[in-house]
Amino acid sequence: MKIIATREIDDLGRVLIPIELRREKMWTKGDLLTFYKCDNIIIIDVCEKAKVPICTVCGRVGGEMLCDDCTKVRIEEIGGA
Ligand SMILES: [Zn+2]
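Residues numbered from 1 in each chain as written. Predicted model: local features only at pLDDT ≥ 70, side-chain atom pairs only at ≥ 80, totals over all residues.

Observations regarding the overall build of the protein chain
Part 1 of the reasoning: A count of helical and extended segments in the protein chain gives two helices and two strands.
Part 2 of the reasoning: Listing each helix as α and each strand as β along the protein chain from the N terminus yields α-β-β-α.
Part 3 of the reasoning: At 19 Å, the protein chain has a C-alpha radius of gyration far larger than the 12 Å of a compact globule built from 81 residues.
Part 4 of the reasoning: Each of the 81 residues in the protein chain was classed as buried or not, and the buried ones make up 1%. (Helix = DSSP H or I, 4+ residues; strand = E, 2+ residues; numbered from the N terminus. Rg over C-alpha atoms; globule rule 2.2 N^0.38 Å. Buried ≥ 20, exposed ≤ 12 C-beta atoms within 10 Å, placed from the backbone.)

Below, the structure written as structure tokens:
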């Protein structure tokens, strides 16, 4: 087993998950984590990904149906402002 980082628990019991670990696991804000216990070892994993709105045209995050860029293109296509 390899140590990734050492973190201090704050007054409210919160611990910052190292950015390199969040990137590797693609954990983002709103993901629901589960804590497992096996003897004295604690294992953390995502049990449910956050519900992130994704543009239905380009697939980028943002907007409920269309991201800002696709919304602008759509408005130009229909001759709006
Ligand atoms: Zn888009």
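Brief notes about the pairing of strand β1 (residues 32–38)
Part 1 of the reasoning: Of all seven residues in β1, zero are buried; the element is thus mostly exposed.
Part 2 of the reasoning: Pairing geometry for β1 and strand β2 (residues 41–48), over seven bridges, is antiparallel. Considered in β2, the bridge of K37 is made with I42.
Part 3 of the reasoning: Between β1 and β2, which follow one another and run antiparallel, lie two residues, and D39 among them has a positive phi close to 55 degrees. (Pairing = 2+ DSSP bridges.)

Some points on the confidence of the model for the protein chain
For residues with low pLDDT, the predicted coordinates do not support detailed interpretation.
Part 1 of the reasoning: Residues with a pLDDT of 70 or more make up 94% of the protein chain, whose mean pLDDT is 86.
Part 2 of the reasoning: The secondary-structure element of the protein chain with the lowest mean pLDDT is helix α2 (residues 68–77), recorded at 86, while β1 shows the highest, at 92. (pLDDT = per-residue confidence, 0-100.)

A word on the domain arrangement of the protein chain
Part 1 of the reasoning: Each assigned domain of the protein chain is listed here: domain 1 (1–50) and domain 2 (52–81).
Part 2 of the reasoning: Placing a centre on the C-alpha atoms of domain 1 and another on those of domain 2 gives a separation of 34 Å. (Domains from an automatic or database assignment.)

Examining the environment of T56
Part 1 of the reasoning: Structurally, T56 can be placed in the loop between β2 and α2.
Part 2 of the reasoning: Every residue in contact with T56, bar those within four places of it in the chain, is listed here: M65 and L66. (Contact = placed C-beta atoms within 7 Å.)

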